[in-house]
Amino acid sequence: QVQLVESGGGLVQAGGSLRLSCAASGRTFSDYGMGWFRQAPEKEREFVATINWNGGSTYYADSVKGRSTISRDNAKNTMFLQMNSLKPEDTAVYYCAARGSGRTWDRRAATYDYWGQGTQVTVSS
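Residues numbered from 1 in each chain as written. Predicted model: local features only at pLDDT ≥ 70, side-chain atom pairs only at ≥ 80, totals over all residues. Heavy atoms only, no water.

Student: Explain the pattern of salt bridges to me, please; I cannot follow it from the model alone.
Tutor: Pairing between side chains becomes possible if they bear opposite charge and their charged atoms approach one another. Summed over the entire model, instances satisfying the criterion amount to seven salt bridges. When the shortest N-O distance is used, the salt bridge between R27 and D31 registers 3.5 Å. The exposure class assigned to R27 is partly exposed, which follows from its relative accessible area of 43%. One salt-bridge network, in which partners are shared between bridges, spans R38, E46, R67 and D90. (Salt bridge = Lys/Arg side-chain N within 4 Å of Asp/Glu carboxyl O. Buried < 20%, exposed > 50% of the residue type's maximum accessible area, 1.4 Å probe, protein only.)

Okay, here's the thing in structure tokens:
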């Protein structure tokens, strides 16, 4: 198993930036494809970005493409999401997740086995 803890959320003005982190512990971090998801109030959880085991392949939701960068540092057991040009519609709880079934990336939440507790991102207009 792997345990995941997100950090880096907060309150930021529209147009600002945040860098989210996801610290992993437990099994070997590089065994997992990883992803970021988010859930806004009264909305379903949605995919944000995903990365394969070595960071060589990534995929983004259209809503954040060009504004966000997912990355990972396997030596530090940490994944990141750099978000720029933030918009009020980016306001949500952001979750990191790990795929116990494989090292590849995937945009489907159902393929992830381990989840963090989430970190709140609030973007004011």
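Student: Help me out: how do you make sense of the pairing of strand β9 (residues 92–99) in this one?
Tutor: When a strand is regular, its side chains alternate between the sheet's two faces. Where burial is concerned, most of β9 is hidden: seven out of the eight residues are buried. Relative to β9, strand β4 (residues 33–39) is paired through seven bridges, and the arrangement is antiparallel. What sits directly across from G33, in β9, is R99. Where β9 and strand β11 (residues 119–124) come together, three bridges link them in antiparallel fashion. Paired with A92 across the strands is V121, a residue of β11. With two bridges connecting them, β9 and strand β10 (residues 114–115) associate as antiparallel partners. Its bridge partner being in β10, A97 is matched across the sheet by W115. (Helix = DSSP H or I, 4+ residues; strand = E, 2+ residues; numbered from the N terminus. Pairing = 2+ DSSP bridges.)

Student: Looking at this structure, I do not really get the state of the cysteines. What am I missing?
Tutor: Joining two cysteines, a disulfide is a covalent bond between their sulfur atoms. According to the stated counting rule, one finds one disulfide in the structure shown. The disulfide bridge from C22 ends at C96, spanning 2.1 Å between sulfur atoms. With the S-S bond torsion at 60°, the cross-link from C22 to C96 turns out right-handed. Separated by 74 residues along the polypeptide, C22 in strand β3 (residues 18–26) and C96 in strand β9 bring together distant segments of the chain. Each of the two residues, C22 as well as C96, counts as buried. (Disulfide = S-S within 2.5 Å.)

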